Amino acid sequence: MTGSDKGINLLTAHGSKGLEYEYVFIAGASANNWEKKRKPGGGFAFPDTMFTSLPKSKEEEELRRLFYVALTRAQKHLYISYSYFKNDGRNLEPSMFIAEILENHLLPVERIYIDENIQAEFAALQFSEEMQPEIEKIEEDFIGALLDRFVMNVTALNNYLQCPLDFYFNNLVRVPSGKSEATEFGSAVHYALQMLFEKMRANNSTFPSRQEFISDFNWYMHRHRESFTKEQFDRRIEYGSDVLANYYDNYINTFNKIVAVERNIKNVVVNGVPLKGKLDKLEFDGKSVNVVDYKTGDIEKALPKLKGPDGKIPEGGSYWRQAVFYKILVDNLENKDWKVVSTEFDFIEPNNKKVYHKEKIVIRPDDIETVTKQITDVWEKIQNRDFYKGCGKADCRWCNFVKTNNLAIALHDVSDEEEVWSLGEVHEGL
């Protein structure tokens, strides 16, 4: 477990209950954010003049308590700030709780003017998030040796299309990274499924028991328990055992028993590009193949990745591309006349309604043409050393890593459009 005493936690007043910090900054203590805030839902409300008295006291008291909760999170230093104006120039007033505080406590009030140089620096920072960072080129002898050994797989293809720097750091120079809880849990699930089918094949097409299936999962988890904290390990063991037991009961009578599992495929060349891949499972119906890929994690987050190219994602989702890549890989395998008719993503964790789900993608000829072109184009860019400049997306991990650690030798415009950012100038605080 790692952390930093210089970190900043951004919390709502509700979310801060029970926590304490040496420094607390309450921003936006204006009436429009507190007692005059519009209620959610946008429904009908009676005007203030309809009745002689309205039961506001309870609501205001709850808000006052909430404000008090926020105030008392501070151990040593407390700052409360509010603005005089909205962005459109209209006036703002401080919350009535500010006036109540000042009536009972003599606190310093400081009017703050933000220096123009600071505003310009902030504007440049916002703009730089939309710039493509370029890193220094590595010596050709070193990079050339890496590229001589490089063989394209679907992970490298997806990473490059997401960001060339992602490919550079993860697939080319292979920056080491620690194993995450989610990744190791997924590996344990994959191992249990591999053992389930390997034991079935070795035992005259008879699947092992549910308990043996879960025991294989537990064995892998214990073998790699250094990747988890004690709390993570206990939680994942309990959760995984429950998920796999229900998965076993749901599918054990419908599994295809004519399968190949954990099949490494290499020495495939398409349009002069060497390809390789490791497939979780191949299900056979004669020479026709359904490729199965296991997925752990939230299925709802995965659904957009299953979509083909459209206006929002011109290159298509990463899972869709994976499905097509596997067909290209298997269909071009020498000494085999297998033909992939579909790729199926088997989601091992159920959805919010506890329903298990499989998503089958039937691949069309134009899908093969699209992904084959992506493979060829990316291979050519890689061979031309076109991986030193990032994508420039604001949420790109590797672009932000390069900018944050001052590794960029240049920043390039993502587009020709320029944005102008402005800050309000007048603030006041306690």
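Look up: the structure comes first, before these words.
Residue indices begin from 1 for each chain and proceed along its sequence in written order. pLDDT decides what is reported in this predicted model: residues at 70 or higher carry local features, side-chain atom pairs at 80 or more are listed and counted, and totals for whole chains, interfaces and linings draw on all residues regardless. With hydrogens and water set aside, each side-chain value is computed from the structure's full complement of heavy atoms.

Asks: Give a description of helix H2 (residues 96–104) that names residues and reports values.
Replies: The complete set of buried residues in H2 reads Phe-97, Ile-98 and Ile-101. Within H2, the buried residues cover an arc of 105° as seen down the axis, which keeps them to one side. For each residue, the accessible area found with a 1.4 Å probe, counting protein chains only, is set against the maximum for its type, and the residue is called buried under 20%, exposed over 50%, and partly exposed in between. Secondary structure elements are defined from DSSP: runs of H or I of at least 4 residues count as helices, runs of E of at least 2 residues count as strands, and each element is numbered from the N terminus. What the arc measures is the spread of directions leading from the helix axis to the C-beta atoms.

Asks: Quick one: what's the story with helix H9 (residues 230–251), residue by residue and with numbers?
Replies: The span one expects for a helix is its residue count, reduced by one, times 1.5 Å. Its 22 residues give H9 an end-to-end C-alpha distance of 31 Å, which sits within 8% of 32 Å, the value for a rise of 1.5 Å per residue. Taken together, the buried positions of H9 are Gln-232, Phe-233, Arg-236, Ile-237, Gly-240, Ser-241, Val-243, Leu-244, Ala-245, Tyr-247, Tyr-248 and Tyr-251. Structurally, H9 contributes buried residues whose contacts are with helix H7 (181–202), helix H8 (210–223), strand E7 (288–295), strand E8 (339–347) and strand E9 (357–361). Pairs of residues are marked as contacts when any of their non-hydrogen atoms sit within 4.5 Å.

Asks: Tell me what's going on with the packing of H7 against H8, and back it up with residues and numbers.
Replies: Remark: H7 packs on H8, axes separated minimally by 8 Å, with the N-to-C direction vectors making an angle of 140°. Comparing the axis directions of H7 and H8 gives the class oblique. Of the two possible hands of crossing, H7 and H8 adopt the one that is right-handed. Contacts between H7 and H8 involve Glu-184, Phe-185, Ser-187, Ala-188, Val-189, Tyr-191, Ala-192, Leu-193, Met-195, Leu-196 and Lys-199 from the first element and Glu-212, Phe-213, Asp-216, Phe-217, Trp-219, Tyr-220 and Met-221 from the second. Of the residues contributing to the contact of H7 with H8, the split by class is 13 nonpolar, one polar and four charged. Geometry is summarised by axes, namely lines fitted to C-alpha atoms with helices restricted to the contacting stretch, and by angles between N-to-C directions that run from 0 to 180 degrees. Angle categories are assigned with fixed cut-offs, so that under 35 degrees is roughly parallel, over 145 is roughly antiparallel, 65 to 115 is roughly perpendicular, and the rest are oblique. Whether a crossing is left-handed or right-handed is set by the direction in which the near helix is turned from the far one by less than a right angle, anticlockwise for left-handed and clockwise for right-handed. Residue polarity is assigned by list, with Asp, Glu, Lys and Arg as charged and Ala, Val, Leu, Ile, Met, Phe, Trp, Tyr, Cys and Pro as nonpolar; anything else, Gly included, falls into the polar class.

Asks: Can you explain a nonpolar patch on the surface? Please cite residues and give values.
Replies: Together, Tyr-23, Phe-25 and Tyr-79 line one region of the surface with nonpolar side chains, adding up to about 360 Å² of accessible area. Relative to the helices and strands, Tyr-23 resides in strand E1 (residues 21–26). For Tyr-23, a relative accessible area of 44% gives the class partly exposed. Without a salt bridge and with relative accessible area above 30%, a residue can belong to a patch; like charges are then joined within 9 Å and nonpolar side chains (Val, Leu, Ile, Met, Phe, Trp, Tyr) within 5 Å. All accessible-area figures derive from a Shrake-Rupley calculation using a 1.4 Å probe, and residue coverage is judged against the displayed protein chains alone. A pair is scored as a salt bridge if a Lys or Arg side-chain nitrogen falls within 4 Å of a carboxyl oxygen belonging to Asp or Glu.

Asks: Let's hear about the side chain of Asp-293: which residues, and what values?
Replies: Following the sequence through the fold, Asp-293 ends up in strand E7. Using a relative accessible area of 5% as the deciding quantity, one classes Asp-293 as buried. Whenever a nitrogen or oxygen atom comes within 3.5 Å of another N or O atom, the pair is scored as a polar contact, on the condition that within protein one atom can donate a hydrogen and the other can accept it, and that pairs from neighbouring residues in sequence are kept only if both atoms are in side chains. At a separation of 3.1 Å, a polar atom in the side chain of Asp-293 contacts the side chain of Lys-295. Non-local contacts of Asp-293, meaning those with residues more than four positions away in its chain, are made with Asp-280, Gln-322, Tyr-326, Glu-344, Phe-345 and Asp-346.

Asks: I'd like a rundown of the layout of surface pockets, residues and numbers included.
Replies: In this analysis, the protein atoms alone were mapped onto a 1 Å grid. Cavities are point sets where a 1.4 Å probe fits without being able to get out; pockets are open sets with protein on both sides within 12 Å along at least five of seven lines; lining residues have an atom within 4 Å of a point. Grid points are joined across faces, edges and corners, and a volume is the space filled by probe spheres set on the points. By volume, the largest pocket amounts to about 1900 Å³. Together, 48 residues line the largest pocket, and Val-154, Thr-155, Ala-156, Asn-159 and Asn-171 are the ones closest to its centre. Of the residues forming the lining of the largest pocket, the biggest block, seven residues, is contributed by H7. In the lining of the largest pocket, the residues fall into 18 nonpolar, 20 polar and ten charged.

Asks: How would you summarise the pattern of salt bridges if you had to cite specific residues and measurements?
Replies: Within the structure shown, the criterion is met by 22 salt bridges. Notably, a salt bridge pairs Arg-236 with Glu-181, separated by 2.8 Å at the nearest N-O pair. Residue Arg-236 is located in helix H9, and its partner Glu-181 is located in helix H7; the two are separated by 55 residues in the primary sequence. With its nearest N and O atoms 3.4 Å apart, the salt bridge here joins Asp-367 to Arg-364. For Asp-367, a relative accessible area of 6% corresponds to the buried category.

Asks: Describe the nonpolar core, naming the residues involved and giving the relevant values.
Replies: Nonpolar cores were defined as sets of buried Ala, Val, Leu, Ile, Met, Phe, Trp, Tyr and Cys residues, with membership established by side-chain atoms within 4.5 Å. Ranked by internal contacts, the top residues of the largest apolar core, which has 59 residues, are Met-152, Tyr-168, Leu-275, Phe-325, Ile-382 and Phe-387. The biggest single contributor to this core is helix H11 (residues 318–331), with nine residues. Apart from residues lying up to four places away in sequence, Tyr-168 is in contact with Ile-135, Ile-138, Ile-143, Val-173, Arg-174, Phe-387 and Tyr-388. Formed by 29 residues, the second largest nonpolar core is a distinct cluster that contains Phe-185, Met-221, Phe-255 and Ile-348.

Asks: Tell me about the environment of Cys-163, residues and numbers included.
Replies: You can see Cys-163 is positioned in the loop between helix H5 (154–162) and helix H6 (164–172). Judged by its relative accessible area of 0%, Cys-163 falls in the buried class. Aside from chain neighbours lying at most four places away, what touches Cys-163 is Gly-390, Cys-391, Cys-396 and Cys-399.

In short, geometric facts, not functional conclusions.
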